[in-house]
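Chains, contacts and geometry: an overview
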Amino acid sequence: MKNDLMPICLQRNWLPVYVDLWANQLIDTGQLIESAIVQALQAQESQIKKLLRTAGIDQIGLLQTIEVSWSSNSGKLPEGSTLTEALQLLYAAAGRMIVLIVDEAQHALDTSAGINSMYALKAARDAMTLGTDTPRLRLIFTGSSRDKLAQLVLNRKQPFLAPKSPPFHYSAWILSRPLPLMSTTV
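Residues numbered from 1 in each chain as written. Predicted model: local features only at pLDDT ≥ 70, side-chain atom pairs only at ≥ 80, totals over all residues. Heavy atoms only, no water.

So, about the packing of aromatic side chains. Using the criterion set out here, one finds one aromatic pair in the structure. Summarising the aromatic geometry, the rings of Phe141 and Phe160 are spaced 5.3 Å apart at their centres and angled 75° between planes, so their arrangement reads as edge-to-face. Highlighted residues: Phe141 in strand β3 (residues 137–141) and Phe160 in the loop between α7 (146–154) and α8 (171–175), separated in sequence by 19 residues. For Phe160, a relative accessible area of 4% corresponds to the buried category. (Phe/Tyr/Trp six-rings, centres within 6.5 Å; stacked < 30°, edge-to-face > 60°. Helix = DSSP H or I, 4+ residues; strand = E, 2+ residues; numbered from the N terminus. Buried < 20%, exposed > 50% of the residue type's maximum accessible area, 1.4 Å probe, protein only.)

With the rule as written, the count across this model stands at two salt bridges. In this structure, Lys122 engages Asp126 in a salt bridge whose closest nitrogen and oxygen atoms are separated by 3.2 Å. Of this pair, Lys122 and Asp126 both sit in helix α6 (residues 112–129), four residues apart, roughly one helical turn. Note on Asp126: relative accessible area 19%, which makes it buried. One salt bridge in this structure joins Arg125 and Asp126, with 2.7 Å as the shortest N-O distance. For Arg125, a relative accessible area of 3% corresponds to the buried category. (Salt bridge = Lys/Arg side-chain N within 4 Å of Asp/Glu carboxyl O.)

Following this line, the structure appears as structure tokens:
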């Protein structure tokens, strides 16, 4: 993913954000996803500060919260923040589509925090894609277990349930699209 997909994203002027849910098995998968987004936000910190100044937002109150949270290197969003808000802020700061690449995504199904993160990513995808002329967020989920990865789209209790079972090699594309735009035609 890092050597082939991420360079393509950069060529297309998309902002790739990569997280490997198998990279550290001692950290909950939900926290790994949040950490990857926080790191991407940290990389955009100067642009975020500029956006806040332009918007006339109270720099001391809001920036102090963000700076404390980011400077602690905890990899966590400020208390009460959502992944949707974080990804929307990242999009506003970067000014380009975000492509969140979740490697070994099937491991998100192993914990309740991981499953909750998947629901949060679905909510973010819908918020950032529905009703817009251009998509602001694409999700790409890959994994080494085809059966477990398929559970993200085939299990009715999972957030990315497809109305029909798509050909599996299209799953990453389908996951990145809101339901009203989905097509299983090949």
